[in-house]
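Listed below are the residues making up each chain.
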Amino acid sequence: MGGRRWLLIVLGVIILSGCSSASQLASPSPLATVVARPLPSAEMSQSLSFDAANRTVTLTMVANVPGTPSDFNYNGYTNGALVITVPKGWDVTVHCNDDPAATYAHSCTVGRGPEAKTPAFPGASLPDPTGTGFVTAGEKKTFRFTPGAPFVGRFACLLIGHESGGMWATFQVVNGGEPSLGTKL
């Protein structure tokens, strides 16, 4: 009986660990600093511009780009594949746009961790991103913030089910260098 009991315990642990892995796939995991392959210059220029002398960066994030495998995307990327890198202390302006052919309304927030509902930095979100602070098809809203410390988190849509559906990009703040957009290696 002791051997059989041990076998049942081991099987239970295996089953539970399998369930744990499945739930981790559904919810994004915490991130570490990411090395990214730069986007082609034509694609980068559509989404990012900066002035190094004045330490300002402007991001244009388009939600629900058509022709991609998922409606839950930013600039055509899902599940953290798009990597946004901004130097600490730079002023960041974000234009949050919903594609004119968008199927859903979306929001934009820089959050600390998976499913975080509050901005990582003061001003790093559209107002009320889980309620009325969203953009609809063809609409554009803007927010501004200045990240004061190195950080790795998410640029995400906080409307119910969107982030867990893959609508998030990796957002990181680094100590130096220039702003960039890339894809995970």
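Quick note: structure is the one above.
Residues numbered from 1 in each chain as written. Predicted model: local features only at pLDDT ≥ 70, side-chain atom pairs only at ≥ 80, totals over all residues. Heavy atoms only, no water.

Visitor: Got a minute to help me understand the state of the cysteines in this structure?
Guide: Note on terminology: a disulfide is the covalent bond linking the sulfur atoms of two cysteines. A complete count under the given rule lists 1 disulfide for this structure. Each sulfur of the disulfide joining Cys96 and Cys108 lies 1.9 Å from the other. Its S-S torsion of about 70 degrees marks the bond between Cys96 and Cys108 as right-handed, since a negative value means left-handed. With Cys96 in strand S5 (residues 91-98) and Cys108 in the loop between S5 and strand S6 (109-111), this pair connects stretches of sequence that are 12 residues apart. Take Cys96 and Cys108: they sit in the same class, and that class is buried. For the unlinked cysteine Cys157, the closest cysteine sulfur is that of Cys108, found at 7.2 Å. What makes Cys157 buried here is its relative accessible area of 1%. (Disulfide = S-S within 2.5 Å. Helix = DSSP H or I, 4+ residues; strand = E, 2+ residues; numbered from the N terminus. Buried < 20%, exposed > 50% of the residue type's maximum accessible area, 1.4 Å probe, protein only.)

Visitor: Looking at this structure, how should I read the side chain of Asp98?
Guide: Within the secondary structure, Asp98 sits in strand S5. At a separation of 3.3 Å, a polar atom in the side chain of Asp98 contacts the main-chain amide nitrogen of Ala137. If near-sequence neighbours (up to four positions away) are discounted, Asp98 is found in contact with Ala63, Asn64, Tyr104, Ala105, His106, Val135, Thr136, Ala137, Gly138 and Glu139. (Polar contact = N/O pair within 3.5 Å; in protein donor to acceptor, adjacent residues only side chain to side chain. Contact = heavy atoms within 4.5 Å.)

Visitor: When you look at the sheet that holds strand S7 (residues 140-145) in this model, what are you seeing that I'm missing?
Guide: What links the strands of a sheet is backbone hydrogen bonding, and the strands pair in either a parallel or an antiparallel sense. One open sheet accounts for 4 strands, arranged S2-S3-S5-S7; its pairing is mixed. Edge positions in the sheet fall to strand S2 (48-51) and S7, since each of these pairs with one other strand and no more. Averaged over all pairs of adjacent strands, the angle between strand axes in this sheet comes to 15 degrees, irrespective of strand direction. (Pairing = 2+ DSSP bridges. Axes fitted to C-alpha atoms, helices over the stretch in contact; angles between N-to-C directions.)

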